[in-house]
Amino acid sequence: MDTITHGLIGASLSKAGFYQRFGRTAILASTLGAVFPDFDIVASLFGPEFSLRYHRGITHSLVCAPFFAMVLALFIYRFSSLKRFPFIVLMVALGIYSHIFFDLLTSYGTMVFAPLSVKRYSLNLVFILDPFITVPVLLGLVVGSYRKELAFRVSVSLFLFLFLYLLVCSYAKGVALKKLKEFSSGMQVEVVRSSIYPGMLAPVFWMGVVETRDAFYKFDIDIYRGEARVFKRFGKIQDNQFTEIARQLRVTKVYLWFADFPVMQYRNENGKHVVEFFDLRFGMIPDRIPFKLEVIFSRNGSLERVFLNGRLVKRQG
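Residues numbered from 1 in each chain as written. Predicted model: local features only at pLDDT ≥ 70, side-chain atom pairs only at ≥ 80, totals over all residues. Heavy atoms only, no water.

A.B. asks: How do you make sense of the side chain of Ser98 when you look at a structure like this?
C.D. replies: Residue placement: Ser98 occurs in helix H6 (residues 85-104). Look past the residues within four positions of Ser98 in its chain and what remains in contact with it is Ile9, Leu13 and Ala34. (Helix = DSSP H or I, 4+ residues; strand = E, 2+ residues; numbered from the N terminus. Contact = heavy atoms within 4.5 Å.)

What follows is the structure, given as structure tokens:
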């Protein structure tokens, strides 16, 4: 979920009775808590590999959330006229936990048990930018600001709507998965594994990925029309000396840990040898391959450059 929507959700939480009782400190505490986890974006300053490894890590951890809540609450307590520390901690914690929950709904993956575990979890229910969440939350805040006497009712109604919306998404995902299994079974291929990912309008449009012994298949799934069609096929290639070296790089190991359905491709480009990795999980952006890892070897076969998501990771010499 994008940071702006997280902040809006945090502010909406404060309107569910807390703001009415404790004032603007409630808004500040829950909103700050709701946006705080994304401060780990500073990891990008240390390079794309570091960012891939640590984004949605410790700041998004259920285990570490109480610690961060107390630290942020101390800051707010120091400069706020409200001197009720337990309440401030509670509001910040609610904001942080709301952020973790709504990030879990997307496909990126969140290390909710870091540092105890680096496993990434995702529910694959909504796209990272979902207007069916952002717009209602924004409208609810606007109405609550102009009609303060309605703020509590609007906030409660909003979260009821979000709960029902997520139930709809969960049901739609189940329908999309059923369509994917029906279609792939008719292809007469041995399915190794498959998964469903939300599209930009997730309740209706989904993307399916199927892995077989020799290829990956991407499907566009429209549950409104009850259709599933093959969008693209990616054959699995045989290893060569360049793919074997590329697999052993530290950045590649991090990438393969991160990816759900990593596809590897090799090509000779003007005499240079290029090995590419990309994750079919992120296939909903037209004409662009996000999170692509590109390993480039020179004409004489030596490692030359490594790019991750368009940013230089390694340059030889």
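There is more to say, and it comes next.
A.B. asks: What should I look at first to understand the packing of helix H1 (residues 3-14) against helix H3 (residues 24-35) in this one?
C.D. replies: When two helices pack together, their arrangement is captured by the angle between the axes and the distance separating the axes. Remark: H1 packs on H3, axes separated minimally by 7 Å, with the N-to-C direction vectors making an angle of 150°. The orientation of H1 relative to H3 falls into the category roughly antiparallel. Seen along the crossing, H1 lies across H3 with a hand that is right-handed. Seen from H1, the contacting residues are Thr3, His6, Gly7, Gly10, Ala11 and Ser14; seen from H3, they are Ala26, Ile27, Ser30, Thr31, Ala34 and Val35. (Axes fitted to C-alpha atoms, helices over the stretch in contact; angles between N-to-C directions. Parallel < 35°, antiparallel > 145°, perpendicular 65-115°, else oblique. Left-handed = near helix turned anticlockwise from the far one by under 90°.)

A.B. asks: How should the sheet that holds strand E4 (residues 227-235) be read in this particular structure?
C.D. replies: Hydrogen bonds between backbone atoms are what pair the strands of a sheet, whose relative direction is either parallel or antiparallel. Strand order in the open sheet made by the four strands is E1-E2-E3-E4, with antiparallel pairing throughout. With one partner strand each, in any of the chains shown, strand E1 (191-198) and E4 form the two edges of the open sheet. The mean angle between the axes of side-by-side strands here comes to 20°, regardless of whether they run parallel or antiparallel. Strand direction decides the pairing type here: E1 and strand E2 (residues 205-212), joined by seven bridges, are antiparallel. For Val191, the partnering residue across the bridge sits in E2 and is Thr212. Against the sheet, helix H8 (residues 151-185) engages E1, E2, strand E3 (215-222) and E4, with an angle of about 40° to E2. (Pairing = 2+ DSSP bridges.)

A.B. asks: Is there a simple way to think about H6 in this case?
C.D. replies: Note that an α-helix has 3.6 residues per turn; residues three or four places apart therefore point the same way. Along its 20 residues, H6 runs 29 Å from first to last C-alpha, staying within 8% of the 28 Å computed at 1.5 Å per residue. Burial within H6 is extensive, with 14 of its 20 residues counted as buried. (Expected span 1.5 Å × (residues − 1). Buried < 20%, exposed > 50% of the residue type's maximum accessible area, 1.4 Å probe, protein only.)

A.B. asks: What is the right way to look at the nonpolar core in this model?
C.D. replies: In a soluble, globular protein the nonpolar side chains are often hidden away together inside. Grouped together as the largest cluster of nonpolar side chains are 30 residues, with contacts concentrated most on Leu52, Tyr255, Val275, Leu280, Leu293 and Val295. Of all the elements, helix H10 (residues 250-258) adds the most residues to this core, at four residues. With near-sequence residues (within four places) excluded, Val275 lies in contact with Phe242, Thr243, Ala246, Met264, Gln265, Tyr266, Leu293, Glu294, Val295 and Phe297. Leu32, Ala73, Ala93 and Val112 belong to the second largest nonpolar core, which has 23 residues in total. (Core = buried A, V, L, I, M, F, W, Y, C linked by side-chain atoms within 4.5 Å.)

A.B. asks: What should I look at first to understand the environment of Glu269 in this one?
C.D. replies: Take Glu269: it is sitting in strand E5 (residues 262-269). Taking relative accessible area as the criterion, Glu269 reaches 39% and is therefore assigned partly exposed. Counting along the chain gives 187 residues from Glu269 to Leu82, while the straight-line C-alpha distance between them is 64 Å. Among the polar contacts made by the side chain of Glu269, one reaches the side chain of Arg267 at a distance of 2.9 Å. (Polar contact = N/O pair within 3.5 Å; in protein donor to acceptor, adjacent residues only side chain to side chain.)

A.B. asks: What exactly am I supposed to notice about a nonpolar patch on the surface here?
C.D. replies: A surface patch of nonpolar side chains, about 660 Å² in accessible area, is lined by Ile41, Val42, Leu45, Phe46, Phe50 and Tyr54. The residue Val42 is located in the loop between H3 and helix H4 (48-54) in this model. (Patch = residues over 30% accessible without salt bridge, like charges linked within 9 Å, V, L, I, M, F, W, Y side chains within 5 Å. Areas by Shrake-Rupley, 256 points an atom, 1.4 Å probe, with all protein chains shown as cover. Salt bridge = Lys/Arg side-chain N within 4 Å of Asp/Glu carboxyl O.)

A.B. asks: Would you mind showing me how to read unusual backbone geometry here?
C.D. replies: The bulk of non-glycine residues show a negative phi, and the bulk of peptide bonds are trans. Of note, the amide linkage connecting Ala114 to Pro115 takes the cis form, showing an omega dihedral of 0°. Position of Pro115 relative to the elements: it lies in the loop between H6 and helix H7 (131-146). Non-glycine residue Asn124 carries a positive phi angle of around 55°. For Asn124, a relative accessible area of 7% gives the class buried. One non-glycine residue, Asn270, lies in positive phi territory at about 55°. Along the chain, Asn270 turns up in the loop between E5 and strand E6 (272-279).

A.B. asks: When you look at the pattern of salt bridges in this model, what are you seeing that I'm missing?
C.D. replies: Pairs can form between side chains of opposite charge once their charged atoms are near each other. Per the counting criterion, the structure on display carries 14 salt bridges. Note that Arg267 is salt-bridged to Glu276, the shortest N-O span being 2.6 Å. Note that Arg267 and Glu294 form a salt bridge whose closest N and O atoms lie 3.2 Å from each other. With a gap of 27 residues between them, Arg267 in strand E5 and Glu294 in strand E7 (residues 293-297) connect regions that are remote in the sequence. Residue classification places Glu294 among the buried positions, given a relative accessible area of 17%. Three or more residues joined by partner-sharing salt bridges are found here, namely Arg267, Glu269, Glu276, Lys292 and Glu294.

A.B. asks: What is the right way to read empty space enclosed by the protein from this model?
C.D. replies: The gaps of empty space that remain are located by a probe, the size of a water molecule, rolled over the atoms. Considering all chains together, one arrives at one cavity of 30 Å³ or more under this definition. In this structure, the largest cavity occupies an estimated 40 Å³ of space. Taken together, Ser12, Lys15, Gly140, Leu141, Gly144, Ala151, Val154, Ser155 and Leu158 form the lining of the largest cavity. Counting only elements with at least two residues in the lining of the largest cavity, the list comes to H7 and H8. Looking at the lining of the largest cavity, its residues break down into four nonpolar, four polar and one charged. (1 Å grid on protein atoms, 1.4 Å probe; cavity = no way out; pocket = protein on both sides within 12 Å on 5 of 7 lines; lining within 4 Å. Points joined across faces, edges and corners; volume = space filled by probe spheres on them. Nonpolar A, V, L, I, M, F, W, Y, C, P; charged D, E, K, R; others polar.)

A.B. asks: How should the confidence of the model for the protein chain be read in this particular structure?
C.D. replies: Low pLDDT means the predicted coordinates in that region are not meant to be read closely. Per-residue pLDDT for the protein chain has a mean of 89; in total, 97% of the residues score no lower than 70. Strand E9 (residues 311-315) is the least confidently modelled element of the protein chain, averaging 78 in pLDDT, while H6 averages 95, the highest of any element. (pLDDT = per-residue confidence, 0-100.)

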